[in-house]
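Below, each chain spelled out in residue letters.
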Amino acid sequence: MTLFLLSIFLAWILRDYAQPMMKKIPWIAHMGFTPSDDWFGKQAVYRVSFGNFLFFAILSSLLMGVKYKRETRAKLHTDGWFLKIFVWLAFNIIPFFMPNNVMEVYSVFARFGSGFFLVMQMFILLEFTHVWNDSWVSKEHYGWVAGLLTLTTASYGLCVAGLVVMYEFFNPSGADCKTNVTLITVTLLMFVIFSVISLLPQVQHGSLFPSAIIALYTVFLCFSALSSQPADYQCNGMGHKMDNTKLWMGMIFTLSSVAYSAMSVGSSSGTFSLGGEGSSISSSTPLVQPPGSVDMSKDDDVESQEGDFEVVDYSYAFFHFVFAVASMYIAMLMTSWGSPSAVEGKDTIDVGWTSYWVKIVSQWIMGGLYTWTLVAPLILKDREF
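For clarity, every value in this text was computed on a predicted model and none was experimentally measured. (Residues numbered from 1 in each chain as written. Predicted model: local features only at pLDDT ≥ 70, side-chain atom pairs only at ≥ 80, totals over all residues. Heavy atoms only, no water.)

Asker: So what's going on with the overall build of the protein chain? Residues and values would help.
Answerer: Along the protein chain, the regular secondary structure elements total 14 helices and zero strands. Counting the 385 residues in the protein chain, one finds 43% classified as buried. Considering only contacts within the protein chain whose residues lie at least 6 apart along the sequence, 80% involve residues at least 24 apart. For the protein chain, the accessible surface area stands at approximately 20,800 Å², while carbon and sulfur atoms represent 67% of it. (Helix = DSSP H or I, 4+ residues; strand = E, 2+ residues; numbered from the N terminus. Buried < 20%, exposed > 50% of the residue type's maximum accessible area, 1.4 Å probe, protein only. Contact = heavy atoms within 4.5 Å. Areas by Shrake-Rupley, 256 points an atom, 1.4 Å probe, with all protein chains shown as cover.)

Right, dumping it as structure tokens:
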């Protein structure tokens, strides 16, 4: 997680601040060393992203099939931090000496990887909301139920506030912004429909709290999409005032998704066992032994064997795979999905028509996925959900 955060910070600095800073460093001028323009701007983001993708992808490949904590390969995940930092630095430096053609190919590949990560984020959010709701409801205490009710009300309140803001800023007076109005209205209808469906008695897994969280996320996607429109577009009344806010919200959500998916979706606790239920390594020990014949060293052997076969808490390979695809997603965020027509400028994040349509389509997929999880048990009655 720390290395991933450092890579985001490094890409941001190289993209916006490194080139003018390096021109002011005296010893670089004396050495006669002039860094290539390819080391800065969007190219820098691609190169840092590519290095981190390779780093995490290789680790994921090396850790595939690791089941127990004391396996030799498991140490690649838990130990050797100085070596891993050195290798990580090398992977961040090497791409800067690669030709632009390699980065162009990677940028195309990263679009597909980022799309996969977005879909994965949606499934993660769906699971997280249901787990959260079930966890609090199962406590059977009015305090937890009151907490859910408060969060549900607050989420829907934020949804309404978000819609009001969007109608105000993305439909300026005197401008023909029918597309924006349509998208905002579709967002409203979408979360009203799946919220009502979740309350129907026929829907067994329906609940208002998950619907409120998904509704809030769809409103955020719509707001983020509309604010990604170019600043000179007549229907973008907000301009790019929220660029930094969008950046941090996007980063926080991405990091949360990465952490939750790696620790929860990749969980493998209890999957591997040495025998059937109730079996034990010490089951062959006699119940009664002659006095003085008890060998205490056997207990130590049993504990040693149990330690050697202690199952990992989560999938180490999947953990690093998530960081690999997240590295591609961060590159797309910071380069407006690789769109050459995106607005260039310091601190401009996720701006352009490509980003706009990616978010709109993501919102439709999110709404459709959640609605399907509600109605699927009614349609496919012969299947378990």
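Still to come is the rest of the account.
Asker: Which residues make up the state of the cysteines, and what values go with them?
Answerer: In total, this model carries one disulfide according to the counting rule given. Covalent S-S linkage joins Cys177 and Cys235, the inter-sulfur distance amounting to 2.0 Å. Because the sign of the S-S torsion sets the handedness, a value of about -100° for the bond joining Cys177 and Cys235 places this disulfide among the left-handed ones. Remark: Cys235 occurs in the loop between helix H10 (208–227) and helix H11 (243–265) and Cys177 occurs in the loop between helix H8 (142–169) and helix H9 (178–199); sequence separation between them is 58 residues. For Cys235, a relative accessible area of 0% gives the class buried. (Disulfide = S-S within 2.5 Å.)

Asker: Could you give an account of the pattern of salt bridges, with specific residues and numbers?
Answerer: In total, this model carries one salt bridge according to the counting rule given. Glu310 is paired through a salt bridge with Lys69; the nearest N and O atoms lie 3.2 Å apart. Taken together, the residues span a long stretch of sequence, with Glu310 in the loop between helix H12 (297–308) and helix H13 (316–334) and Lys69 in the loop between helix H4 (41–62) and helix H5 (75–78) at a distance of 241 residues. Overall, the relative accessible area of 27% leaves Lys69 in the partly exposed class. (Salt bridge = Lys/Arg side-chain N within 4 Å of Asp/Glu carboxyl O.)

Asker: Go over H10, please, and point to the residues and values.
Answerer: An α-helical turn contains 3.6 residues, so a residue and the one three or four places further along point in the same direction. In a regular helix each residue adds 1.5 Å, so 20 residues correspond to 28 Å; H10 covers 28 Å between its end C-alpha atoms and thus fits that length. In terms of burial, H10 is largely enclosed, as 17 of its 20 residues are buried. (Expected span 1.5 Å × (residues − 1).)

Asker: How would you summarise the packing of aromatic side chains if you had to cite specific residues and measurements?
Answerer: Tallying each qualifying case throughout the model produces 20 aromatic pairs. Both rings, one in Phe116 and one in Phe321, keep their centres 6.0 Å apart while their planes meet at 70°; by these two values the pair is edge-to-face. Of this pair, Phe116 sits in helix H7 (residues 100–137) while Phe321 sits in helix H13, and the two are 205 residues apart along the sequence. Residue classification places Phe116 among the partly exposed residues on the basis of a relative accessible area of 43%. Residue class for Phe321 comes out partly exposed when judged on its relative accessible area of 31%. Where Phe319 meets Phe323, the ring centres are 5.0 Å apart and the plane angle is 65°; that geometry is what we call edge-to-face. With a gap of four residues between them, Phe319 and Phe323 both fall in helix H13, about one helical turn apart. Exposure class is identical for Phe319 and Phe323. Each is buried. (Phe/Tyr/Trp six-rings, centres within 6.5 Å; stacked < 30°, edge-to-face > 60°.)

Asker: Could you give me a rundown of the side chain of Ser195, with the residues and numbers involved?
Answerer: Tracing the chain through its elements places Ser195 in helix H9. On the accessibility criterion, Ser195 (8% relative accessible area) is buried. Once residues lying within four places of it in the same chain are set aside, the contact partners of Ser195 are Tyr156, Leu208 and Ser211.

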